[in-house]
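These are the residues of each chain, in order.
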Amino acid sequence: MAVIAGRPKRGALLPSRLASLTDSRAGSLAIFIVRRILWMVPVVFFVILITFVLMHLAPGSPWDKNGGRQLSQTVVNNLNARYGLNKPVTEQFWLYLVNVLHFDFGLSYQYEGKTVASLIMTSWPYTVAIGVISFLLIIPVGVGLGVLAALRQNSRVDYITMGFATFAASFPNFVVGALMVVAFSVLMYKATGGNFFLPAAGFGPDDHLVLPVITLSLLPIAFTARLTRASTLDTIRQDFIRTAWAKGLSERLVVVRHILKNSLIPVVTTLGPTFAFLVTGSVIVETLFSIPGIGRSFVVAIESRDYPMILGTTVLFSVIIALANLAVDVAYVFIDPRVRLTE
Amino acid sequence: MALPAVAVEQLVDWEVPEKQIGLWADAWQRFRRNRLAVLGAALVLFLVLIALLAPLLAQFGIIANPLKQNVSNIEAGPGQAGFLLGSDQLGRDTLSRLMFGSRISLSVGILVQAIILPIGLAIGLAAGYAGGRIDNLLMRFTDIWYAFPDLLFVLVVVSVFGPSLLTIFGAIALVSWVGLARLVRGQVLSIKEKEFIEAARSSGSSPFKLILKHLLPNSLGPIIVTVTFGIPNAIFLEAVLSFLGVGIQPPTATWGQMVFDGYENVYSNPSSVVFPAIAIGFTLLSFTFIGDGLRDALDPRMRR
């Protein structure tokens, strides 16, 4: 954890010129952010290294055919020369690193003449659209359910919400998605004679989004609801809440100003992992609903051993996740003044 | 200081429970009182039984051969043409395939835990006990590891080494041990500072004995809970791989593969996706219930 409570070791490893920066909160925040960004560099480096090594450990070459006529040696040599696979592995790795620094992720093996970057840029918007809509759904619904369950603890609302959360957390999203397709696409289509149903495939800015977004959001909603409920229960029992009630504040004021403000702090920290989930969840959801997003293209790349595409997507995912976690850590400092920065 | 005889008598007269209830008996009692956990355990036991008996039942013709195609009866609904749960797009018996599929799911779930338990324990104990450089290395390593989402890493490994049973088990184990190692480390770090460890150390316990006799048994509760929650996670990962088409290859019956096959023919034969989906969902739910029950039973302080 980069953010912990307690006294910091201020300026322990800093040159004296910078030490004055740590005296102010803003200064220590700036240093914290810079350090976290710098820490991303080795993380991404190792992600590239591990993925790169894995691909070169792979038995066979990407030009092997599963059955059928194999390519002749001349063709394979030409392909290797074209994609730079004839160079020593260390040189390939170095070249890849240099290229990544220039945002050049190489050429895809499966689509002749297309760069990985251009392929990612065509599929990315679909994933972002569904991810953003899900994100906007997860926060209010998850938090709302959690607060409601906590305020009416041990009531029917509480039991139903927590029962739902347990189910949603256990049923994998591809199972939920498939079952929803059966219910809302197939059976509903058959029952209404094709007049009313939700589409099970494709992408459009309309009812095509309903099933994918619900499928993607269900698990994060369940987690958010559970966490919000637990932290709200903690907050409700604090003295300052009793004071707020005793002062005769309205329920709305107590809940919004006093309870929510404090119980949402731990929820913020889960937004990073939620983001990571939306990124990987898209692999499943896009396959399930035939959406031409980055998750789908990742699976296709894996099936056809398109190494530059796999590598590029993995790097992109890991950078996004690292950035999301960084953003959460920084946001946390702003939200909770009790937090001190270390490391 | 000697106690007066009367005081001793009074002490003896105190009502002492007949039987000393130990930690484990106590935990077992609490677990038994949790209805959902017991339900989950019963379902899992039932599933284990099915998984063990499936080949035998198929041998004696009580259930159909899971690979036998019956081309004249493809996509039969439940109960039709002698198929209790219907048949798939090749006329294979869904019930029999479900029963055989449970063998894959359960063995992935349990074997992966068996693989990662010694690894996670060894590394977690070493890092937590030794501290310093080993600890730092582990923590930095897990930082990097967490930058990869589990599913992506498993997908990459399986794509590279091909979808064999061994690769899939290995890949899932590879992403699962980190969490366990971190947990063990955390446990060891918090227990290490307790007085009884200091006492053991000052009375000359060797580090080896200290770890095996004190640190390990005292962190057993959370380890058991983590391993229990690891089972559904591994089952889920294997099912997703099969669903995405990069898992254990057909014609072997796996639940994820069955959802995938059923989903391709969802319009003409919706029941062939519903049954495997329900099987996966309720199996994972059962393990979650057991895990929740164990957590409440083994760590009374955690209870609300």
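Since the structure is predicted, the reported quantities are computational estimates derived from the model, not experimental observations.

Now for the overall build of chain B. When helices and strands are tallied, chain B shows 12 helices and zero strands. Its helices and strands in sequence order give chain B the pattern α-α-α-α-α-α-α-α-α-α-α-α, from N to C terminus. Relative to a compact globule of 304 residues, whose C-alpha radius of gyration would be 19 Å, chain B shows 25 Å and is clearly more extended. Referenced to the eigenvectors of the C-alpha coordinate spread, the extents of chain B come out at roughly 90 × 50 × 35 Å.

Tallying secondary structure elements over chain A gives 14 helices and two strands in all. Relative to its full complement of 343 residues, chain A shows a buried share of 32%. The contacts in chain A between residues at least 6 apart in sequence include a share of 73% that link residues at least 24 apart.

It is worth spelling out the interface of chain B and chain A at this point. Interface size is often expressed as the accessible area that is lost when the parts come together. Tallying the contact residues gives 34 residues for chain B and 37 residues for chain A. Those elements that place two or more of their residues in the side of chain B that touches chain A are α5 (132-147), α6 (150-161), α10 (220-244), α11 (255-264) and α12 (271-298) of chain B. Counted by class, the side of chain B that touches chain A contains 29 nonpolar, four polar and one charged residues.

Residue and element names in this part refer to chain A. Where helix α5 (residues 116-151) meets helix α6 (residues 156-170), the axes come as close as 8 Å, and the angle between the chain directions of the two elements is 140 degrees. One way to sum up the angle between α5 and α6 is to call them oblique. Here α5 runs over α6; the crossing is left-handed. Here Leu145, Leu148 and Ala149 of α5 lie close against α6, whose contacting residues are Val157, Asp158, Thr161 and Met162. Residues belonging to the contact of α5 with α6 are distributed by class as follows: five nonpolar, one polar and one charged.

What follows concerns the nonpolar core. The biggest cluster of nonpolar side chains holds 134 residues, and the ones touching the most others in it are Ala178(A), Val154(B), Ile172(B), Val240(B) and Val259(B). Per element, the largest residue contribution to this core is 14 residues, and it comes from α12(B). Discounting chain neighbours no more than four positions away, the residues touching Ala178(A) are Leu288(A), Val259(B), Tyr263(B), Val273(B) and Ala277(B).

Take unusual backbone geometry next. Looking along the chain, the bond that leaves Pro250(B) and enters Pro251(B) is cis, with omega of 10 degrees. By the element assignment, Pro251(B) lies in the loop between α10 and α11. Non-glycine residue Asn154(A) carries a positive phi angle of around 65 degrees. Here Asn154(A) shows up in the loop between α5 and α6. On the neighbour-count criterion, Asn154(A) (8 C-beta atoms within 10 Å) is exposed. With phi around 50 degrees, Ser290(A) is a residue other than glycine that occupies positive phi space.

Mean pLDDT over chain A: 81, with 88% of residues reaching 70 or higher. Considering only residues more than four positions removed or in separate chains, one finds that residues 1-14 of chain A, a stretch of pLDDT under 50, has 24 contacts.

This part covers helix α3 (residues 73-82) of chain A. Of all 10 residues in α3(A), zero are buried, a share of ten percent or less. At the exit of α3(A) stands Gly84(A), carrying a positive phi of roughly 70 degrees.

Further remarks concern the environment of Val259(B). Residue and element names in this part refer to chain B. Take valine 259: it is sitting in helix α11. With 30 C-beta atoms counted inside 10 Å, the residue valine 259 sits in the buried group. Remark: the alpha-carbon pair of valine 259 and valine 274, spanning 15 residues in sequence, is separated by 7.8 Å.

With that settled, the discussion passes to the packing of α6(A) against α12(B). At a closest axis distance of 8 Å, the pairing of α6(A) and α12(B) adopts a crossing angle of 115 degrees. For the crossing formed where α6(A) meets α12(B), the hand is right-handed. On α12(B), the residues that touch Thr166(A), Phe167(A) and Ser170(A) of α6(A) are Gly281(B), Leu284(B), Leu285(B) and Thr288(B). Partitioned by chemical class, the residues of the contact of α6(A) with α12(B) number three nonpolar, four polar and no charged.

So, on to the confidence of the model for chain B. The predicted model of chain B averages 83 in pLDDT, with 91% of residues at 70 or higher. Prediction confidence for the complex, expressed as pTM and ipTM, is 0.83 and 0.81 respectively.

We now examine the environment of Gln80(B). Residues and elements named next belong to chain B. Of note, glutamine 80 is situated in the loop between α3 (35-59) and α4 (94-130). The class for glutamine 80 is partly exposed, based on 13 C-beta atoms found within 10 Å. Taking the C-alpha atoms as reference, glutamine 80 lies 18 Å from glycine 61; in sequence the two are 19 residues apart.

On to the environment of Pro163(B). Residue and element names in this part refer to chain B. The residue proline 163 is located in the loop between α6 and α7 (165-192) in this model. As for proline 163 and serine 242, which are separated by 79 residues in sequence, their C-alpha atoms are 9.4 Å apart. The contact partners of proline 163, leaving out residues within four places of it in the chain, are Val158, Ile168, Val246, Gly247, Ile248 and Gln249.

Before going further, it helps to examine α10(B). Residue and element names in this part refer to chain B. The end-to-end C-alpha distance of α10, which contains 25 residues, comes to 36 Å, matching closely the 36 Å that a straight helix rising 1.5 Å per residue would cover. Within α10, 18 of the 25 residues are buried, which leaves it mostly tucked inside the rest of the structure. Of the residues trailing α10, glycine 245 is marked for its positive phi of about 85 degrees.

Rules and cut-offs
Residues numbered from 1 in each chain as written. Chains lettered and ligands numbered in written order. Predicted model: local features only at pLDDT ≥ 70, side-chain atom pairs only at ≥ 80, totals over all residues. Helix = DSSP H or I, 4+ residues; strand = E, 2+ residues; numbered from the N terminus. Rg over C-alpha atoms; globule rule 2.2 N^0.38 Å. Buried ≥ 20, exposed ≤ 12 C-beta atoms within 10 Å, placed from the backbone. Contact = placed C-beta atoms within 7 Å. Nonpolar A, V, L, I, M, F, W, Y, C, P; charged D, E, K, R; others polar. Axes fitted to C-alpha atoms, helices over the stretch in contact; angles between N-to-C directions. Parallel < 35°, antiparallel > 145°, perpendicular 65-115°, else oblique. Left-handed = near helix turned anticlockwise from the far one by under 90°. Core = buried A, V, L, I, M, F, W, Y, C linked by C-beta atoms within 7 Å. pLDDT = per-residue confidence, 0-100. Expected span 1.5 Å × (residues − 1).

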